[in-house]
Amino acid sequence: MAKTIFERIIDREVPADIVYEDEHILAFRDISPQAPIHILLIPKKHHARHVAVPLEDHSVFSQLLAAAQRVSRQLQLDKTGYRLVINNGPDGGETVPHLHLHLLGGRHLSWPPG
Ligand code: 5GP
């Protein structure tokens, strides 16, 4: 199966503005930011989306959330606040079939989302 754009970023075939990396997670700036700070956090292991992660791989959820906490501190969003979002499937607005967590901040975010 063809690689997604995110797998190509993991493999360094496509450049990205990387802000954080560890053994399991890569985080980089979204190419089309929806807030002054818009980071994508992705597992290096491919899962198509949230609902597709098998039980034996559920540790990826804590890895993503822990990395998001680190990045929020690194980018000084820990005091002002931020939002974490996973878009899953067509109704969720998912466009890239590789599990990813959006971290948005740097402005007040309204609710409910569109
Ligand atoms: P989704 O809509 O699937 O939740 O989010 C996919 C995100 O990936 C979008 O916010 C989109 O702007 C971002 N994106 C798509 N292609 C690229 C790319 O090549 N580089 C970066 N940095 N972000 C991308």
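Now for a quick tour of the structure. (Residues numbered from 1 in each chain as written. Predicted model: local features only at pLDDT ≥ 70, side-chain atom pairs only at ≥ 80, totals over all residues. Heavy atoms only, no water.)

**Here's the deal with helix α2 (residues 59-74)**
Part 1: Here α2 is 16 residues long and its end C-alpha atoms lie 23 Å apart, about the 22 Å a rise of 1.5 Å per residue gives.
Part 2: By the burial criterion, the buried members of α2 are Val60, Leu64, Ala67, Ala68, Val71 and Ser72. Buried residues of α2, viewed axially, fall in a sector of 140°; they line one side.
Part 3: On the buried face of α2, the contacting elements are β1 (18-21), β2 (25-29), β3 (37-43), β4 (82-85) and β5 (101-105).
Part 4: Once α2 finishes, Gln76 follows within two positions and takes phi at roughly 60°, a positive value. (Helix = DSSP H or I, 4+ residues; strand = E, 2+ residues; numbered from the N terminus. Expected span 1.5 Å × (residues − 1). Buried < 20%, exposed > 50% of the residue type's maximum accessible area, 1.4 Å probe, protein only. Arc of directions from axis to C-beta. Contact = heavy atoms within 4.5 Å.)

**As for the site of the ligand**
Part 1: Taken together, 16 residues lie around the ligand, and Asp30, Asn87, Thr95, His100 and His102 are the ones closest in.
Part 2: Separating an oxygen atom of the ligand from a backbone N or O atom of Thr95 is a distance of 2.6 Å.
Part 3: The side chain of His102 places a nitrogen or oxygen atom 2.8 Å from an oxygen atom of the ligand.
Part 4: For the ligand, the accessible surface in isolation is 520 Å², of which the surrounding protein chains cover 83%.
Part 5: The pocket occupied by the ligand, as judged from atoms lying within 2 Å of grid points, is the largest pocket.
Part 6: Residue assignment for the shell around the ligand shows that the elements contributing at least two residues are α1 (5-10) and β2.
Part 7: Considering each element in turn, the shell around the ligand owes the most residues, three residues, to α1.
Part 8: Classifying every residue of the shell around the ligand gives seven nonpolar, six polar and three charged. (Near = heavy atom within 4 Å. Polar contact = N/O pair within 3.5 Å; in protein donor to acceptor, adjacent residues only side chain to side chain. Areas by Shrake-Rupley, 256 points an atom, 1.4 Å probe, with all protein chains shown as cover. 1 Å grid on protein atoms, 1.4 Å probe; cavity = no way out; pocket = protein on both sides within 12 Å on 5 of 7 lines; lining within 4 Å. Sits in = over half its atoms within 2 Å of the grid points. Nonpolar A, V, L, I, M, F, W, Y, C, P; charged D, E, K, R; others polar.)

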